[in-house]
Amino acid sequence: QACTSGFISQVADMSPYGSAWKGKEEVRKEISLIGLAHRTTYVLQGAPSHATHMLEGFIDGLNSRDPALFNLYAPCPPEHGIGDDMAEKQAKIAVESRAYPLLKFDPRAGETIEDCIDLDGNPAMDADWPEYTLNYVDEDGSEGRITVPMTFADFAATEGRFGKHFSTAPHDTWNDDMVPFHEFLDLGEDDREGKYPYIWAVDGDNRLVRVLCSQEIVNSADERRSFWRQLKGLAGLSNAVDADALVRQTKAEMAQALSSALLNLAASGNADALLGDLPASAESAAPAAAGTATPGNGGAAALPADYEAVWVETPECTACDECINIAPGVFQYSPEKQAVVVNPQGNPYRDIVKSAEKCTAECIHPGTPWDMSEKDIDKLIKRAELYH
């Protein structure tokens, strides 16, 4: 309980909370990085909440000719202060809040750390914090929703071992000195003076409340964000820009918008009028909306001749949130709270396959990849065959 592999600010028998000592103070020791530093060890850092990632890591590690370290986040309900049936959900939140990022290290995958480390499976890879939707009831009794970052504080606030670090601010005390937690983290030391970080939550009546966070929680979140950035640096993701991927994404977004407009106008008999008004650049992109990309279209990679876009049996969707968390660029909810495809190339194909594997209703059909150069594409195609 007092070892340095725990989180800053957590409270336990051996790291108590009091006037002089407010929980654990040491920077978290990363067991997986210690294993990685051996350079000859296969390392999996995973969680039961991400079963596909975990099982793939087990298989690769057990098949490896090297020693293997399996480092898994498995919550202990009584020690962590969570419900007996909440272990899997808490593990999921731990991953999403950067408390416990997923990673794999395969020493035989290449010569550099960048070649060998794999962060696939973590949400919102290009951001410090993923986002989630918080539903609430406003003062008029109407339903509302806000999108907020899933920071380490949002994770910690759900567990009893961090409970002493949070307090709810009565509504009549709200003022401009209270700053959203993620914005507070971006402030310099001097600018933080006199400010009070808070996260949004809901009370027993599902009303929005501001939950104030201690300095220890701020320290822990700073450390977790720093570690996430360090991992991305090791994986070569900090400043990497894939120009080809950007071109493909821009083309797909434009094609999706044109396709939707054409379908709507076709229903009203005005499709010809729209095409007559399109600029030349837009007309050249129109064939892509039908999946018939042609060579020489502005440098964008042509889709494979047999390309089949991902699709969803929307009426079967149970709103389990898996697909919109794993591949938010591809899937979003309709007003009826059911998944639809908004951009079939909005995420790597691996994320689409993982979404199909995690879909509790089994209503996602991954189609085929549009980028045959994607890593492990043959394995992904094989996995996708189960959901055609």
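Here the structure is shown first, and the text comes after it.
As a starting point, this report considers the structure included with it. (Residues numbered from 1 in each chain as written. Predicted model: local features only at pLDDT ≥ 70, side-chain atom pairs only at ≥ 80, totals over all residues. Heavy atoms only, no water.)

1. Considering the packing of helix 14 (residues 349-358) against helix 15 (residues 377-384)
The relative placement of two packed helices comes down to the angle between their axes together with the axis-to-axis distance. Taken N-terminus to C-terminus, the directions of helix 14 and helix 15 make an angle of 25°; their axes are 10 Å apart at the nearest point. Between helix 14 and helix 15, the interaxial angle falls into the category roughly parallel. As for how helix 14 packs across helix 15, the hand of that crossing is left-handed. From helix 14, Tyr 349, Arg 350, Val 353, Lys 354 and Glu 357 reach across to helix 15, where they touch Ile 377, Leu 380, Ile 381, Arg 383 and Ala 384. (Axes fitted to C-alpha atoms, helices over the stretch in contact; angles between N-to-C directions. Helix = DSSP H or I, 4+ residues; strand = E, 2+ residues; numbered from the N terminus. Parallel < 35°, antiparallel > 145°, perpendicular 65-115°, else oblique. Left-handed = near helix turned anticlockwise from the far one by under 90°. Contact = heavy atoms within 4.5 Å.)

2. Some details on the pattern of salt bridges
Where side chains of opposite charge bring their charged atoms close, a pairing between them can arise. Applying the stated criterion across every chain, the model contains 19 salt bridges. Salt-bridge contacts for Lys 92 lead to Glu 96; the nearest nitrogen and oxygen are separated by 2.5 Å. Taken as a pair, Lys 92 and Glu 96 lie in helix 4 (residues 87-96) at a separation of four residues, close to a single helical turn. Note on Lys 92: relative accessible area 22%, which makes it partly exposed. (Salt bridge = Lys/Arg side-chain N within 4 Å of Asp/Glu carboxyl O. Buried < 20%, exposed > 50% of the residue type's maximum accessible area, 1.4 Å probe, protein only.)

3. Focus: the pairing of strand 6 (residues 143-149)
Where strand 5 (residues 131-137) and strand 6 come together, seven bridges link them in antiparallel fashion. Note that in strand 6 the partner of Asn 135 across the bridge is Arg 145. Here strand 5 folds back onto strand 6, and the loop between the two strands holds five residues, one of which, Gly 141, carries a positive phi near 85°. (Pairing = 2+ DSSP bridges.)

4. A closer look at the packing of aromatic side chains
Within the structure shown, the criterion is met by 10 aromatic pairs. Between Phe 58 and Phe 70, the aromatic rings sit 5.1 Å apart at their centres with planes inclined by 70°, giving edge-to-face as the arrangement. Of this pair, Phe 58 sits in helix 2 (residues 51-63) while Phe 70 sits in strand 2 (residues 68-72), and the two are 12 residues apart along the sequence. We classify Phe 58 as partly exposed; its relative accessible area is 24%. You can call Phe 70 partly exposed: its relative accessible area is 30%. Relative to Trp 200, the ring of Tyr 198 lies with its centre 5.3 Å away and its plane at 85°, an arrangement referred to as edge-to-face. Residue classification places Tyr 198 among the buried residues on the basis of a relative accessible area of 5%. Three or more aromatic residues link up through ring pairs in this structure, and these residues are Phe 7, Phe 152, Phe 155 and Phe 162. For Arg 28, the ring lying beneath its charged end belongs to Phe 7, and the centroid distance is 4.7 Å. Over the face of the ring belonging to Trp 228 we find Arg 98, whose NZ or CZ atom lies 3.9 Å from the ring centre. (Phe/Tyr/Trp six-rings, centres within 6.5 Å; stacked < 30°, edge-to-face > 60°. Lys NZ or Arg CZ within 6 Å of the ring centre and 35° of its normal.)

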